[in-house]
Amino acid sequence: MSRRLALAVLSLVCLAALPGCAPRYDAASAEFGPLLEELPPALHAALDSYRAEGPKGWAFTQTTSGEGKNRVERYDPLGRGPARWTLLLENGVPPTEDEQRRYRDTRPPFDSAAGLAGQFDRQRAALVAEDAEAGTSTYEFALKPASETDTAAAHMRARVTLHHASGGIVRVELFNFRSFKPASSLTIHEARTLLVYAPPAEGRPALPLESSMRIRGERFWFRAFEQSLSSVFSDHEDRRRQE
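Given the structure is predicted, the values throughout are model-derived calculations rather than measurements.

### Observations concerning the overall build of the protein chain
Then step 1. If you tally the helices and strands in the protein chain, you get three helices and 11 strands.
Then step 2. For the protein chain, the sequential pattern of α-helices and β-strands runs α-α-β-β-β-α-β-β-β-β-β-β-β-β.
Then step 3. Within the protein chain, the fraction of its 243 residues that count as buried is 45%.

Written as structure tokens, this is what we have:
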């Protein structure tokens with residue numbers, strides 16, 4: 001199974017919490033609840049402003065490892081389209097000009113995860129955990145299909161952790177609660193993505209800290225596979241005043 005296919009499956013839907021903020025819970029089932037009659041206003045506001053890839057106008061360095069590879073990239077919102085991304089190191093080696101060009105050819109022209117919160121079904125949500133010491137509450141959502149051809153959403157859930165003092169989302173996890181077949185020759189047993197953020201503080205918005213992705217399944221009913229990737233985000237820089 002290719003890395004691109006693995007990421008495509010994971011991006012349809014799913015990551016570890018900040019230290020001390022991770023609630024413990026059992027495996028999800030097809031039914032969950034009791035459903036909330038109405039979401040808290042603070043959660044509505046947090047979801048309305050949530051961007052999976054981080055706040056607009058902020059630069060960062062992303063270090064990704066997994067599958068025997070290590071990549072360091074820099075994102076700068078002042079660039080246009082794929083030029084916002086620069087490959088710094090590939091397996092510890094700086095890229096050549098041709099490698100940089102080929103790398104940018106693979107970069108999306110737009111933020112691919114910008115609409116993730118739009119898939120959270122706010123009419124089908126439940127409170128699943130509260131952590132008084134950390135000042136957080138975790139809510140579980142059913143997912144709405146991202147498109148007419150999205151068959152994965154019916155098998156997925158999203159869990160969102162709200163930090164009450166700051167009003168920011170500090171953790172988002174997308175995961176499947178049962179196996180599913182995105183294609184006739186492919187069965188996904190586990191698809192999980194975790195996104196971790198630093199809470200808003202000192203006038204700055206919530207910033208991405210870590211992400212991890214894991215996928216496990218079978219191809220052609222007998223070829224088992226398992227893939228994992230993790231990223232760390234650092235060197236955040238507010239570039240909004242320069243736009």
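### Digging into the layout of surface pockets
Then step 1. The volume enclosed by the second largest pocket comes to roughly 250 Å³.
Then step 2. Among the elements of the structure, α2 (41-49) and β7 (168-176) are those that each provide at least two residues to the lining of the second largest pocket.
Then step 3. Each residue belonging to the lining of the second largest pocket can be placed in one class, and the counts come to eight nonpolar, four polar and one charged.

### A look at the environment of E210
Then step 1. With respect to the helices, strands and loops of the structure, E210 is situated in strand β10 (residues 207-219).
Then step 2. Exposure remark for E210: the relative accessible area of 43% places this residue in the partly exposed category.

### Notes on the environment of T64
Then step 1. Position of T64 relative to the elements: it lies in strand β1 (residues 58-66).
Then step 2. Residue classification places T64 among the buried residues on the basis of a relative accessible area of 7%.
Then step 3. In this structure, the C-alpha to C-alpha distance between T64 and S212, residues 148 residues apart in sequence, is 9.2 Å.
Then step 4. At 2.7 Å, the side chain of T64 and the side chain of S231 are in polar contact.

### Description of the pattern of salt bridges
Then step 1. Tallied over the entire structure, the rule returns 17 salt bridges.
Then step 2. Between D98 and R101 there is a salt bridge, with the nearest N and O atoms lying 2.9 Å from each other. Taken together, the residues D98 and R101, both in helix α3 (residues 97-105) and three residues apart, mark about one turn of the helix.
Then step 3. We classify D98 as partly exposed; its relative accessible area is 40%.
Then step 4. By relative accessible area, R101 is classed as partly exposed at 48%.
Then step 5. Of the charged contacts in the structure, one is a salt bridge between E190 and R192, with a shortest N-O distance of 3.6 Å.
Then step 6. For E190, a relative accessible area of 13% corresponds to the buried category.

### What about the packing of aromatic side chains?
Then step 1. Applying the stated criterion across every chain, the model contains six aromatic pairs.
Then step 2. Site record: aromatic cluster; members linked through ring pairs are F60, Y75, W85 and F233.
Then step 3. Taking NZ or CZ as reference, R107 lies 5.8 Å from the ring centre of W85, over its face.

### Concerning the nonpolar core
Then step 1. In terms of nonpolar packing, the biggest core is built from 31 residues, with L43, L47, Y50, F120, F141, V160 and V172 touching the most fellow members.
Then step 2. Only α2, β4 (120-131), β5 (136-143), β6 (156-163), β7 and β9 (186-198) provide two or more residues apiece to this core.
Then step 3. Here the element with the most residues in this core is β9; it accounts for five residues.
Then step 4. When near neighbours in sequence (up to four residues on either side) are disregarded, L43 contacts Y139, F141, V160 and L162.
Then step 5. Counting residues in each nonpolar core, the second largest holds six residues, with F60, Y75, Y103 and F233 among its members.

### Points about the pairing of β9
Then step 1. For β9, the tally of buried residues reaches 11 of 13 residues, placing the bulk of the element in the interior.
Then step 2. Examined bridge by bridge, β7 and β9 share five bridges and lie antiparallel to one another. Across the sheet, residue V172 finds its bridge partner in β9, namely L195.
Then step 3. Linking strand β8 (residues 180-183) to β9, which pair antiparallel, is a turn of two residues.
Then step 4. The pairing of β9 with β10 spans 12 bridges and is antiparallel. By the bridge assignment for β10, A198 is matched with L207.

Each value, and the rule that gives it
Residues numbered from 1 in each chain as written. Predicted model: local features only at pLDDT ≥ 70, side-chain atom pairs only at ≥ 80, totals over all residues. Heavy atoms only, no water. Helix = DSSP H or I, 4+ residues; strand = E, 2+ residues; numbered from the N terminus. Buried < 20%, exposed > 50% of the residue type's maximum accessible area, 1.4 Å probe, protein only. 1 Å grid on protein atoms, 1.4 Å probe; cavity = no way out; pocket = protein on both sides within 12 Å on 5 of 7 lines; lining within 4 Å. Points joined across faces, edges and corners; volume = space filled by probe spheres on them. Nonpolar A, V, L, I, M, F, W, Y, C, P; charged D, E, K, R; others polar. Polar contact = N/O pair within 3.5 Å; in protein donor to acceptor, adjacent residues only side chain to side chain. Salt bridge = Lys/Arg side-chain N within 4 Å of Asp/Glu carboxyl O. Phe/Tyr/Trp six-rings, centres within 6.5 Å; stacked < 30°, edge-to-face > 60°. Lys NZ or Arg CZ within 6 Å of the ring centre and 35° of its normal. Core = buried A, V, L, I, M, F, W, Y, C linked by side-chain atoms within 4.5 Å. Contact = heavy atoms within 4.5 Å. Pairing = 2+ DSSP bridges.

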